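Take a look at the letters that make up each chain.
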Amino acid sequence: MSQTEPDTRDAPAEPASPGPVPAGGDLHELQIDSVRWLATPLGARVLRSPRREWARPLELAVSPIKENPLRQIYRFTAAIEGGPTGCFIKAYNESTPEGRMKRLLRGPAARTEWKHTRHAELAGVSVPPLLAFGVGPGVSYLLTESCLPAEDLDDYLDRAGWNGALGAALARLLVSTHAAGVLHQDLHAGNVLCRRGDEAGEPRLWLLDLHKAMIPGRMRPRRLRRGAVIRNLAMMVAGLRGWAGDEQLARMLRMYLELGGARLVDATDEEAASAFLDAVSQAADRHAAGLLRSRDRSILRHNRYFAPLRVAGKWEGHVFLRRRRAVERSVASGLTFTEADWAKALSDPAALISPHVGPGEEVVKYSENGIVSRRLLQVGPHRIEVFVKHYAWRRRLAVVADLFRMSRARRTFKLGHQLLARDIPTALPLACLERRVGRLLIESILITEAIPESTHLERFTMVRLALLEEELRTRLRQSLARQIGSVIARMHEAGWVQRDMKAPNILVQLDPRTGENRIVFIDLDGVRPGRLDLFRPLVRLNDGLWGVVSLTRTDRLRVLKNYLGGQGDWKKSWEAVRRMTLNRRRARGDREGQAPALGRLPHTGP
């Protein structure tokens, strides 16, 4: 049974009909202002509430909890008879050329999401209870219950971490989704809502954002194909690797099979189950690589995370706005900036590269090739300690090459975010600017976040380590060797090699609360694509730390073994590094007119 509520106000245009929806339960048709709604009984009560709380987020321009150019999501509490009800309202912007075209071809996006979510709900999939959807001129709305207290799964994982109960709950959610014939096309932790259970119970999960889901229909069978299921699971597995290990994810997938996931594999057939898990893992690798390539392309584009910027004096570049996940011990990575904030902060580039500094600031390096300074930068409401690196015009052949390539500042800005996306620690790039006359590069500026509580590796090993007790000194040396070796290996695996791996380019950041250390790579000018000459960073680093007596031969060997990761013959690699280090020292001694370092390396070398 449906009820119709006539509109008592003038509507600017006749909106499209909400359209057909799957059967199941009494639904009410309403028209409020210029929007036609189809609502459940509870949804109709929310829409008819005298104070109209459902409309207030839009009317008052409250900041949405999620947004992009095509849709915004607001949370509110509806005061209705029977008690307040927490709700989400999702507003789809369909007034843009892209939005109008999608609406013409597929219908209103909210109606599509309602239909998909309604199908999943009736099939037993845990989704937020639907309340209503509405269609108006250039916009459509979806109204659901909020399921509070709950949070996005990625936020929950950041706070509480992975556990077996969560893996079991996620396996059940995936089984019910695939049993309903639903393939979520954007299956990741951000599209799962999580409410923490009691100490003995599983968390409660809900699947979100089904507007792009594929559901059974006349042209698509309910039974899912093996390849489609593998690719769908790979999306989730790839995203969960930041919180869970391979063994934990494998246990979740095995539970998925034991619960009859997609009825594709007999969980008791160990060979078939292992083959299925391997296929999901390989598909997850491909999916993760594709996501990284997509994020790499977005760094120098306009989106919610980055933006191009132009300021006075023909300066132009790019700025950082926000990150999906904060970088460890980075304050700026957890903040949100606006383009207006940056336009004001960078309105005077000449002041940023001036040798004159204010209180609490200092010039670190000054030469004809540029200036490096540590400054306090006010960006909107945030005051951030940053390093400003100025690249001056070079009067050599490099000027010709700069006509056809990025400036060093722009390249380092992009490279820094590429490394951070691959969990390679570096200082967070905040902004880059360059000034050209035609295509001729005159100068460029790079701004990165300063790393607090840090000192470079050479000073740390020569001064700080010597002041520590033997037990703590040994633990820190082992931690440093493990981190340096593994991070260089990850960099090579990602396709880069650091040709200038000297100790001053590695910062050691100490946590004053725990005493633990963390290494951070800075000065990325020497990082280049390539997989050849892979021992070069180790040789350069070993040579630079040649005379440091606090580092033993075992420490240097530990760096090499962590770099190799159990692959290859470490003894042959050890000899190769030793020989290359000696050749480097001998060549430098010849150039400087000093006695070359020959023979076996001392106790401080390999």
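Heads up: the structure comes first, above all this text.
Parameters and conventions
Residues numbered from 1 in each chain as written. Predicted model: local features only at pLDDT ≥ 70, side-chain atom pairs only at ≥ 80, totals over all residues. Heavy atoms only, no water. Buried < 20%, exposed > 50% of the residue type's maximum accessible area, 1.4 Å probe, protein only. Helix = DSSP H or I, 4+ residues; strand = E, 2+ residues; numbered from the N terminus. Pairing = 2+ DSSP bridges. Contact = heavy atoms within 4.5 Å. Axes fitted to C-alpha atoms, helices over the stretch in contact; angles between N-to-C directions. Parallel < 35°, antiparallel > 145°, perpendicular 65-115°, else oblique. Left-handed = near helix turned anticlockwise from the far one by under 90°. Nonpolar A, V, L, I, M, F, W, Y, C, P; charged D, E, K, R; others polar. Arc of directions from axis to C-beta. Phe/Tyr/Trp six-rings, centres within 6.5 Å; stacked < 30°, edge-to-face > 60°. Salt bridge = Lys/Arg side-chain N within 4 Å of Asp/Glu carboxyl O.

The buried fraction of strand S5 (residues 71-80) amounts to seven of the 10 residues, a majority that puts the element mostly inside the structure. Bridging between strand S4 (residues 66-68) and S5 involves three bridges; their strand directions are antiparallel. Pairing of Glu67 across the sheet is with Gln72, part of S5. Between S4 and S5, which pair antiparallel in sequence order, lie two residues. In this structure, S5 lies alongside strand S6 (residues 83-93), joined through 10 bridges in antiparallel fashion. Bridge assignment links Ala79 to a residue of S6, and that residue is Pro84. Between S5 and S6, which pair antiparallel one after the other, the connecting turn spans two residues, and Gly82 there sits at a positive phi close to 100°.

Time to look at the side chain of Ser444. Mapped onto the secondary structure, Ser444 falls in strand S18 (residues 440-449). A relative accessible area of 1% places Ser444 in the buried class. Apart from residues no more than four positions distant in its own chain, Ser444 is found in contact with Trp315, Lys389, His390, Tyr391, Ser407, Arg408, Ala409, Leu433 and Glu434.

Examined against the element boundaries, Ile80 turns out to sit in strand S5. According to the relative accessible area criterion, Ile80 is buried, its value standing at 12%. With sequence-adjacent residues up to four places away left out, Ile80 is seen in contact with Leu42, Arg45, Val46, Ser49 and Thr85.

Pairing is antiparallel across the open sheet formed by three strands, whose spatial order is S9-S10-S11. For this open sheet the edge positions go to strand S9 (151-152) and strand S11 (204-207), each flanked by a neighbour on one side alone. Of the pairings in the sheet, the one linking S9 to strand S10 (residues 192-195) comprises two bridges and is antiparallel in character. Note that in S10 the partner of Glu151 across the bridge is Cys194.

Let us now look at the packing of helix H6 (residues 164-179) against helix H8 (residues 246-258). Relative placement of two packed helices is described by the angle separating their axes and the distance separating the axes. Where H6 contacts H8, the axes come no closer than 9 Å and their chain directions differ by 45°. Comparing the axis directions of H6 and H8 gives the class oblique. Considering how the two elements wind past one another, H6 and H8 form a crossing that is right-handed. Along its contact with H6, which presents Gly167, Ala168, Leu170, Ala171, Leu174, Val175 and His178, the element H8 presents Met252, Met255 and Tyr256. A per-class count over the contact of H6 with H8 returns eight nonpolar, two polar and no charged.

Let us now look at helix H14 (residues 457-464). For H14, the full list of buried residues reads Leu457, Phe460 and Thr461. Projected onto a plane normal to the axis of H14, the buried residues spread over an arc of 90° and lie on a single side. Along its buried surface, H14 packs onto strand S19 (454-456), helix H15 (470-493), strand S21 (506-510) and helix H16 (536-544).

What follows concerns the packing of aromatic side chains. In the structure shown here, the tally under the stated rule is seven aromatic pairs. Seen in terms of ring centroids, Phe306 and Phe413 are 6.1 Å apart; in terms of plane orientation they differ by 80°. Their pairing is edge-to-face. Here Phe306, found in strand S12 (residues 306-311), pairs with Phe413, found in helix H13 (residues 408-421); they are 107 residues apart in sequence, far enough to count as distant. Taken individually, Phe306 and Phe413 each receive the classification buried, so the pair is uniform in this respect. In this structure an aromatic cluster arises from ring pairing among Phe306, Phe320, Phe337, Trp342 and Phe413.

Time to look at the environment of Lys314. Its place among the elements puts Lys314 in the loop between S12 and strand S13 (315-320). The sequence separation of Lys314 and Leu433 amounts to 119 residues, and the corresponding C-alpha distance is 9.8 Å. Among residues more than four places away in sequence, those in contact with Lys314 are Glu434, Arg435 and Arg436.

Here we come to helix H5 (residues 153-160). What H5 keeps buried is the set Leu153, Tyr156 and Leu157. Projection of H5 onto a plane perpendicular to its axis shows the buried side chains occupying an angular sector of 100°, all on one side. Along its buried surface, H5 packs onto S9, H6, S10 and helix H7 (226-240). Phi turns positive, to about 80°, at Gly161, one or two residues after H5.

The subject of this paragraph is the sheet that holds strand S22 (residues 517-521). Pairing is antiparallel in the open sheet, where three strands are placed in the order S19-S21-S22. The outermost strands of the open sheet, each flanked by one partner alone, are S19 and S22. Shown here is a sheet whose adjacent strand axes are inclined to one another by a mean of 30°, direction ignored. In this fold H14 packs onto S19 and S21, with an angle of close to 95° to the strand it touches most, S19. Here H15 sits on the sheet and contacts S21 and S22; the angle it forms with S22, its principal contact strand, is near 35°.

Turning our attention to unusual backbone geometry. Cis rather than trans, the peptide bond between Leu148 and Pro149 has omega equal to 0°. Here Pro149 shows up in the loop between strand S8 (139-145) and S9. In this model, Asp33 sits at a positive phi of 55°, which is unusual for a non-glycine residue. By the secondary structure assignment, Asp33 is in the loop between strand S2 (28-32) and strand S3 (35-39). Looking at Asp33, the relative accessible area reads 26%, which means it is partly exposed. A positive phi angle is found at Asp209, which is not glycine, with a value near 55°. Along the polypeptide, Asp209 turns up in the loop between S11 and H7. Its relative accessible area of 14% is what places Asp209 among the buried residues.

What follows concerns the pattern of salt bridges. Throughout the structure, instances matching the rule amount to 29 salt bridges. Between Arg118 and Glu121 there is a salt bridge whose closest N-O contact spans 3.9 Å. Taken together, the residues span about one helical turn, with Arg118 and Glu121 both in helix H4 (residues 109-122) at a distance of three residues. Given the relative accessible area of 29%, Glu121 is considered partly exposed. Linking Asp543 and Arg585 is a salt bridge whose minimum nitrogen-to-oxygen distance equals 2.9 Å. Of the two residues, Asp543 sits in helix H16 while Arg585 sits in helix H18 (residues 570-592), which places them 42 residues apart along the sequence. Residue classification places Asp543 among the buried residues on the basis of a relative accessible area of 6%. For Arg585, a relative accessible area of 18% puts it in the buried group.

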